Amino acid sequence: MRPARIAILASGTGSNAQALIRKAQELGADKLEVGFVLSDKEEAPVLERARDLGVPAFLRAKFNDRRTHEDAILMLLKEHHIDWVLLAGYMRLLSPYFLKTLQSWHQSASQVVNIHPSLLPAYPGVDSIARAYTDRVSESGVTLHLVDEGMDTGLVLRQQKISLGNETLPEWSAKFHRVEHQIYGAFLTDIAEGHQKTCYFTET
Ligand code: GRF
């Protein structure tokens with residue numbers, strides 16, 4: 001069996017992308033390959049972070065319409081025979097067309113995953129950590145979920161709670177990022193070890 005091929009889509013800082021790449025490198029190229037990182041934002045630090053770790057990084061931005069933009073991304077995913085698409089702070093919704101095209105290459109399996117800093121369905125969308133903090137919740141957490149066409153609505157794969165004590169917002173946010181990196185890393189390990197089944201790319 002060839003290594004599972006991963007693509008990471010990210011729009012910003014890229015701490016999750018960096019953690020994923022490091023984890024993949026630790027697990028070994030015989031098990032996992034990060035084919036590329038893609039950003040839709042020219043100024044996104046994630047592009048340089050990926051290149052610094054030896055992973056190709058592509059920018060696909062400034063398309064006139066969503067379909068053309070998604071086709072440009074699909075072309076890359078196809079060229080690289082990508083099995084799993086991992087979203088890590090990717091700030092766009094994916095269309096049903098995009099998701100169905102991917103499924104058609106993966107024997108109808110959904111292999112697009114996102115990490116979100118709340119216990120979904122609570123606090124979907126942006127600024128989830130700050131909104132929960134402002135509400136003085138006693139706990140929030142991190143969710144790993146499959147991606148559908150909605151905003152943070154896909155099937156939940158894993159969740160981990162994070163309690164709120166006397167932390168400042170930056171301290172509390174740092175906890176989320178640590179947990180995100182752990183959860184995503186554990187998921188990647190499951191792919192590498194075959195505990196999470198991969199439907200391999202096949203051209204249709
Ligand atoms: C993370 O909090 C992730 O859960 C959310 O976007 C943020 C991305 O952070 N979807 P980073 O760019 O990986 O540091």
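No experiment lies behind these values; they were computed from the predicted model shown.

Asks: Talk me through the site of the ligand; I want residue IDs and the actual numbers.
Replies: By nearness alone, every residue bordering the ligand is listed as Thr-13, Gly-14, Ser-15, Asn-16, Gly-89, Ile-115, His-116, Pro-117, His-177 and Glu-180. Contact between the ligand and Ser-15: an oxygen atom at 2.6 Å from a side-chain N or O atom of the residue. In this structure, Asn-16 approaches the ligand through a main-chain N or O atom, which is 2.8 Å from an oxygen atom. Protein contact buries 83% of the 370 Å² of open area that the ligand shows by itself. Every element with two or more residues in the shell around the ligand is listed here: α1 (15-27), β5 (112-116) and α6 (169-193).

Asks: I'd like a description of the packing of aromatic side chains, backed by residues and values.
Replies: Any aromatic ring pair is given by two values, namely how distant the centres are and how the planes are angled relative to each other. One pass over the full model with this rule turns up five aromatic pairs. Summarising the aromatic geometry, the rings of Trp-84 and Phe-187 are spaced 5.5 Å apart at their centres and angled 90 degrees between planes, so their arrangement reads as edge-to-face. Pair noted here: Trp-84 is in strand β4 (residues 84-87) and Phe-187 is in helix α6, with a separation of 103 residues, a long-range link. Residue Trp-84 shares its accessibility class with Phe-187, and that shared class is buried. Judged by centre distance (5.4 Å) and plane angle (55 degrees), the ring pair of Trp-105 and Phe-201 falls under tilted.

Asks: Give a detailed account of the pattern of salt bridges, specifying residues and quantitative values.
Replies: When the charged atoms of two side chains with opposite charge come close together, those side chains can pair. What the rule picks out here adds up to 13 salt bridges. Linking Lys-62 and Glu-42 is a salt bridge whose minimum nitrogen-to-oxygen distance equals 3.1 Å. Of this pair, Lys-62 sits in the loop between β3 (57-59) and α3 (66-79) while Glu-42 sits in the loop between β2 (32-39) and α2 (45-52); the two residues are 20 residues apart in sequence, bridging distant segments of the chain. Summarising the burial analysis for this pair, Lys-62 and Glu-42 share the class exposed. Between Lys-175 and Glu-167 there is a salt bridge, and its shortest N-O distance comes to 2.5 Å. The class for Glu-167 is buried, based on a relative accessible area of 14%. The structure contains a network of salt bridges with shared partners spanning Asp-40, Lys-41 and Arg-92.

What counts as what
Residues numbered from 1 in each chain as written. Predicted model: local features only at pLDDT ≥ 70, side-chain atom pairs only at ≥ 80, totals over all residues. Heavy atoms only, no water. Near = heavy atom within 4 Å. Polar contact = N/O pair within 3.5 Å; in protein donor to acceptor, adjacent residues only side chain to side chain. Areas by Shrake-Rupley, 256 points an atom, 1.4 Å probe, with all protein chains shown as cover. Helix = DSSP H or I, 4+ residues; strand = E, 2+ residues; numbered from the N terminus. Phe/Tyr/Trp six-rings, centres within 6.5 Å; stacked < 30°, edge-to-face > 60°. Buried < 20%, exposed > 50% of the residue type's maximum accessible area, 1.4 Å probe, protein only. Salt bridge = Lys/Arg side-chain N within 4 Å of Asp/Glu carboxyl O.

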